[in-house]
Amino acid sequence: MRPISRREFLAGAAAGGSLLGLGAAGALAQADKFDLVIKGGEVLDTSQKLRARRDVGIRNALIAALEPEIPDTRAKQLLDAKGKLVLPGLIDMHAHVYPQVSALGLPADELVPYTATTTYVSAGDAGANTFSALKHYIVAQARSRIYAFVHISSIGLSGFPVGEMLNIDYADVDQAAKTLAENPELVLGIKVRESVDVVGANGLEPLKRAILACERSGVRGTRVMCHIGNAPGELSALLDLLRPGDILTHAYSGAGNNTVRDGKVLAAALAAKKRGVLIDVGHGGGSFDYTVAEPAIAQGFTPDMIGSDIHAVSGNTPGMPYLPWVMSKFLNLGFSLEQVVAMATATPAKIIGRVDKLGTLAIGAPADVSVLELVEGPVDFVDTRKNTRKGSRHLKPVATVRAGRPFGRPYPVPFSYP
Ligand SMILES: [Zn+2]
């Protein structure tokens, strides 16, 4: 076999692989192949303002090509996405994925068929005392990408349903700060749950300590994720404590002491959003009320991200807080598909801020991809307070690719993953 000349090599490259299949170019063809090609779908990548028919070529766990047509012959494996949406891997900013220690947790990888999600943020499952096992036994072994907010309570959510902040002594600021400082690649900030049944007589003290732990850690960009829903005292006082970059979750809860009163959003809620407090949905099993969300959104108190708050209790409720289903609710509340996708990809990726090009399908991005179907037709939704709404379309999970490997078929050989 004669070696290919430099001229032939360049000609082949310029022709986009036209040498494929020629004996002389066998070695080149092999090197030119993609591990996986996601074929025929409609790519929607808000970070590139792209919504068009594209094939996605994946090599070495990275996005290697995004082209109108990649020939089948260049694919070691093919994933048919005809008629489907191809999105950057979905990111759930509020999940509970620590089954062994958090009483609410579920195994992240097991959720994938229902969530098509590649990145989960553990929202306070672990506290300082239980964090090490989250890192070494859960995060290290999951195929899903996992980040965490560490709970200000050193026991995290292990004591659920007993409130983890009924005893304020669990809120050890120095231990929480140390966990942050020692794990900046994994920990995004401090979680605190401010509900009367969780904090008892301790009022806003857990939140104050959560803020202090962020400050004391010395890690720049560290945030508090604060849960509300029947919060103690006047909600405005709580909202006033939140700093730009902190996250308010369960923003549309109807559990009491809501962000909306008599149809009007609290001035303190709008002021918080205006100064840069980030708004998360955190639907969960008891934290999303249409009669709060609708006026709130109409008056400008819109979400920045769509966290599902999926966990072992909420996952069994009729509100079905799986990320694509919660996204579907916002699609039917009047947000565009682009807005809804951005709130579950590009925006949370920016907030996580740990991995270059997370949340996009740009060349060189991690090969985390979610394939969904936008199903047109009547659909019934229910919130967590039995309010129902009719919709006209919803997102249905089809396939999920994490680090270039699909969950389920087609199986790569060898199966090892990065
Ligand atoms: Zn939660």
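Parameters and conventions
- Residues numbered from 1 in each chain as written.
- Predicted model: local features only at pLDDT ≥ 70, side-chain atom pairs only at ≥ 80, totals over all residues.
- Heavy atoms only, no water.
- Phe/Tyr/Trp six-rings, centres within 6.5 Å; stacked < 30°, edge-to-face > 60°.
- Helix = DSSP H or I, 4+ residues; strand = E, 2+ residues; numbered from the N terminus.
- Buried < 20%, exposed > 50% of the residue type's maximum accessible area, 1.4 Å probe, protein only.
- Core = buried A, V, L, I, M, F, W, Y, C linked by side-chain atoms within 4.5 Å.
- Contact = heavy atoms within 4.5 Å.
- Pairing = 2+ DSSP bridges.
- Axes fitted to C-alpha atoms, helices over the stretch in contact; angles between N-to-C directions.
- Patch = residues over 30% accessible without salt bridge, like charges linked within 9 Å, V, L, I, M, F, W, Y side chains within 5 Å.
- Areas by Shrake-Rupley, 256 points an atom, 1.4 Å probe, with all protein chains shown as cover.
- Salt bridge = Lys/Arg side-chain N within 4 Å of Asp/Glu carboxyl O.
- pLDDT = per-residue confidence, 0-100.

### Let's talk about the packing of aromatic side chains
Aromatic rings considered in pairs are described by the distance between their centres and by the relative angle of their planes.
Part 1: Enumeration according to the criterion identifies eight aromatic pairs in this entry.
Part 2: Both rings, one in Phe288 and one in Phe330, keep their centres 5.7 Å apart while their planes meet at 50°; by these two values the pair is tilted. Pair noted here: Phe288 is in the loop between strand E14 (278-279) and helix H10 (290-298) and Phe330 is in helix H11 (residues 323-331), with a separation of 42 residues, a long-range link.
Part 3: Since its relative accessible area comes to 0%, Phe330 is described here as buried.
Part 4: Centroid distance Phe415 to Tyr417: 6.3 Å. Interplanar angle 90°. Geometry classified as edge-to-face.
Part 5: Classification of Phe415 by relative accessible area gives partly exposed; the value is 36%.

### Things to note about the nonpolar core
Nonpolar side chains in soluble globular proteins generally cluster together in the buried interior.
Part 1: In this structure, Leu238, Leu248, Tyr252 and Phe330 are the most contacted members of the largest nonpolar core, which totals 88 residues.
Part 2: A per-element tally of this core places H11 first, with six residues.
Part 3: Among all residues touching Leu248, those that are not within four sequence positions of it are Cys226, Ile228, Leu238, Leu239, Leu242, Val277, Leu278, Ile279, Asp280 and Phe301.

### Some words on the environment of Leu85
Part 1: Structurally, Leu85 can be placed in strand E5 (residues 85-88).
Part 2: Overall, the relative accessible area of 3% leaves Leu85 in the buried class.
Part 3: Along the sequence, Leu85 and Lys390 sit 305 residues apart, while their C-alpha atoms lie 23 Å from each other.
Part 4: Sequence-distant contacts of Leu85, defined by excluding residues within four places in its chain, comprise Glu42, Leu337, Ser370, Val371, Leu372, Leu374 and Leu395.

### So, the sheet that holds strand E8 (residues 145-151)
Part 1: A sheet is described by the order of its strands in space; here seven strands give the open sequence E6-E7-E8-E9-E10-E11-E14, paired in parallel fashion. Each of the sheet's edge strands pairs with one partner strand only, and the pair in question is strand E6 (90-95) and E14.
Part 2: Judged from the five bridges that link them, strand E9 (residues 187-193) and strand E10 (residues 223-227) form a sheet pairing that is parallel. Of the residues in E10, the one forming a bridge with Ile190 is Val224.
Part 3: Packed onto the sheet, H11 meets E6 and strand E7 (117-127) and runs at close to 95° relative to E6.

### Let's talk about a nonpolar patch on the surface
Part 1: A cluster of nonpolar side chains, namely Tyr411, Phe415 and Tyr417, defines an oily patch on the protein surface of about 310 Å² accessible area.
Part 2: Structurally, Phe415 can be placed in the segment after strand E17 (405-406).

### Topic: the confidence of the model for the protein chain
Part 1: Confidence along the protein chain averages 93 in pLDDT terms, with 93% of residues attaining 70 or more.
Part 2: Below pLDDT 50 for its whole length, residues 5-26 participates in 19 contacts with residues either more than four positions away or in separate chains.

### As for the pattern of salt bridges
Part 1: Enumeration over the complete set of coordinates arrives at 25 salt bridges.
Part 2: Between Arg51 and Glu338 there is a salt bridge, and its shortest N-O distance comes to 3.1 Å. Note that Arg51 is positioned in strand E2 (residues 50-59) and Glu338 in helix H12 (residues 337-342), a separation of 287 residues in sequence.
Part 3: Classification of Glu338 as partly exposed rests on a relative accessible area of 31%.
Part 4: Where Asp368 meets Arg145, a salt bridge forms, and the shortest distance between an N and an O atom there is 3.1 Å. In this pair, Asp368 sits in the loop between helix H13 (346-352) and strand E15 (369-382) while Arg145 sits in strand E8, placing the two residues 223 residues apart along the sequence.
Part 5: Via salt bridges that share partners, Lys39, Arg53, Asp55, Glu69 and Asp72 belong to a single interconnected network.

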